[in-house]
Amino acid sequence: MGLFSLHHYYYAVSKRALFIEHDHVMVGGPIWRQFQARGYEIVRFLVVPEDRYNSPNVSVEFPNPKEFDVIVPMGAPWGAYEDQRIGNWLLPELEFVRTAHAAGIPIFGICFGGQLMARALGGSVARAPQVELGWYEIETDDESIIPRGPWFQFHWDRWTLPTEARELARTNVASQAFTCGRTLGVQFHPEIDPEVLSTWLTVESSCVDVQSQGHTVNELMAQTIKEEPYSNKRAADLVDYFLDHIAVA
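These numbers were taken from a predicted model, which means no experiment stands behind them. (Residues numbered from 1 in each chain as written. Predicted model: local features only at pLDDT ≥ 70, side-chain atom pairs only at ≥ 80, totals over all residues. Heavy atoms only, no water.)

1. Some points on the overall build of the protein chain
Then step 1. Across its full length, the protein chain holds 6 helices and 11 strands.
Then step 2. Relative to its length of 249 residues, the protein chain is compact, with a C-alpha radius of gyration of 17 Å against a globular reference of 18 Å.
Then step 3. Reported as C-alpha extents along the three principal axes, the dimensions of the protein chain are approximately 45 × 40 × 40 Å.
Then step 4. Counting all 249 residues of the protein chain, 57% fall into the buried class.
Then step 5. Contacts spanning at least 24 positions in sequence make up 72% of the contacts within the protein chain whose residues lie at least 6 apart.
Then step 6. Carbon and sulfur atoms make up 48% of the accessible area of the protein chain, which amounts to about 10,600 Å² in all.
Then step 7. Taking the average place of the 19 positive charges on the side chains of the protein chain and the average place of its 32 negative ones, the gap between the two points comes to 4 Å. (Helix = DSSP H or I, 4+ residues; strand = E, 2+ residues; numbered from the N terminus. Rg over C-alpha atoms; globule rule 2.2 N^0.38 Å. Buried < 20%, exposed > 50% of the residue type's maximum accessible area, 1.4 Å probe, protein only. Contact = heavy atoms within 4.5 Å. Areas by Shrake-Rupley, 256 points an atom, 1.4 Å probe, with all protein chains shown as cover. Lys, Arg positive; Asp, Glu negative; His and termini not counted. Charge placed at Lys NZ, Arg CZ, Asp CG, Glu CD.)

Below, the structure is given as structure tokens:
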């Protein structure tokens, strides 16, 4: 059963944003803060608790999507195509977000969450030809929507776009952003700041992943600290664009 907890950052709010956290270290950083600044109550739903990290095929009952004004599926260390490994919750989550999308509820999918939305809406997800890990500039069709960055990447997989989707940005490895109705999917991690990265690095496998790609933890943290003032602004602007243009489409 997923952990369903309410975190009340403001008392006088009427809008609710459901953040689906697929593991215990997926926190929202500047994305949380900008939703709060826009008057949203942050509702956190944990899928795989810490004690099941190494056996993640848990059974989960997702809440009623119509109880929320926005849904934000976040990243995960698993693949959005791994039905055998995590299908007990992945398949119900795909149905959950399809239902939400069909009901017109705005969805902002981040990394795994973007891949989830691509699959749910008729695209597919598979292993990418190479890993993207670290700070990358991306090719964008409109910098007023998705700036070049750099944006933080930490992924092994990539999506193919749903037929009705509009791609917004890409690298030579993977599509980086798309819209489809009231859904925005991004491959990069706009929620990264030094605090979020530190939380990720409490998981030993994340440190191993960083080192396997030719980085050191200290180097990656130093880059993140240097980038923070600019990446926080990009994250806030992205939330604003999502709320002001995509969520009301």
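2. Considerations on the environment of V131
Then step 1. Checked against the element boundaries, V131 lands in strand β6 (residues 124-136).
Then step 2. As for V131 and A174, which are separated by 43 residues in sequence, their C-alpha atoms are 9.7 Å apart.
Then step 3. V131 has contacts with Y136, H155, W156 and Q213, leaving out every residue within four places of it along the chain.

3. Some points on the state of the cysteines
Then step 1. Scanning the model with the defined rule gives 0 disulfides in all.
Then step 2. The thiol sulfur of C180 is not disulfide-bonded, and the nearest other cysteine sulfur, from C111, lies at 19 Å. (Disulfide = S-S within 2.5 Å.)

4. Thoughts on the environment of T199
Then step 1. With respect to the element layout, T199 can be found in helix α4 (residues 194-200).
Then step 2. Assessed through its relative accessible area of 24%, T199 is described here as partly exposed.
Then step 3. Excluding anything up to four places from it in sequence, T199 contacts V25 and V27.

5. What about the nonpolar core?
Then step 1. Within the largest apolar cluster, 80 residues are counted, with the highest numbers of intra-cluster contacts made by F35, W89, F108 and I146.
Then step 2. The element contributing the most residues to this core is helix α6 (residues 217-246), with 8 residues.
Then step 3. Apart from the residues within four sequence positions on either side, W89 is in contact with H22, V47, V48, P56, N57, V58, V60, F62, W78 and F112. (Core = buried A, V, L, I, M, F, W, Y, C linked by side-chain atoms within 4.5 Å.)

6. What about the packing of helix α1 (residues 29-37) against α6?
Then step 1. At a minimum axis separation of 9 Å, α1 and α6 run at an interaxial angle of 50°. Put simply, α1 runs oblique to α6. Seen along the crossing, α1 lies across α6 with a hand that is right-handed. Where α1 abuts α6, its residues P30, I31, R33, Q34 and F35 lie against N232, A235, A236, V239, D240, F242 and L243.
Then step 2. Of the residues belonging to the contact of α1 with α6, the class tally is 8 nonpolar, 2 polar and 2 charged. (Axes fitted to C-alpha atoms, helices over the stretch in contact; angles between N-to-C directions. Parallel < 35°, antiparallel > 145°, perpendicular 65-115°, else oblique. Left-handed = near helix turned anticlockwise from the far one by under 90°. Nonpolar A, V, L, I, M, F, W, Y, C, P; charged D, E, K, R; others polar.)

7. Quick word on the pairing of strand β9 (residues 166-170)
Every other side chain in a regular strand lies on the same face of the sheet, so the side chains alternate between the two faces.
Then step 1. Direction of pairing for strand β7 (residues 139-140) relative to β9: antiparallel, over a ladder of 2 bridges. Its bridge partner being in β9, E139 is matched across the sheet by R170.
Then step 2. Sheet topology places β9 next to strand β10 (residues 175-180); 4 bridges connect them, and they run antiparallel. Along β10, the bridge assignment pairs A169 with A177.
Then step 3. Remark: 4 residues form the turn of the hairpin made by β9 and β10, two consecutive strands paired antiparallel. (Pairing = 2+ DSSP bridges.)

8. Describing the pattern of salt bridges
Then step 1. Counted under the stated rule, the structure contains 15 salt bridges.
Then step 2. With a closest N to O distance of 2.8 Å, R44 and E21 form a salt bridge. Pair noted here: R44 is in strand β3 (residues 40-46) and E21 is in strand β2 (residues 15-21), with a separation of 23 residues, a long-range link. Here R44 and E21 have matching classes, each one buried. (Salt bridge = Lys/Arg side-chain N within 4 Å of Asp/Glu carboxyl O.)

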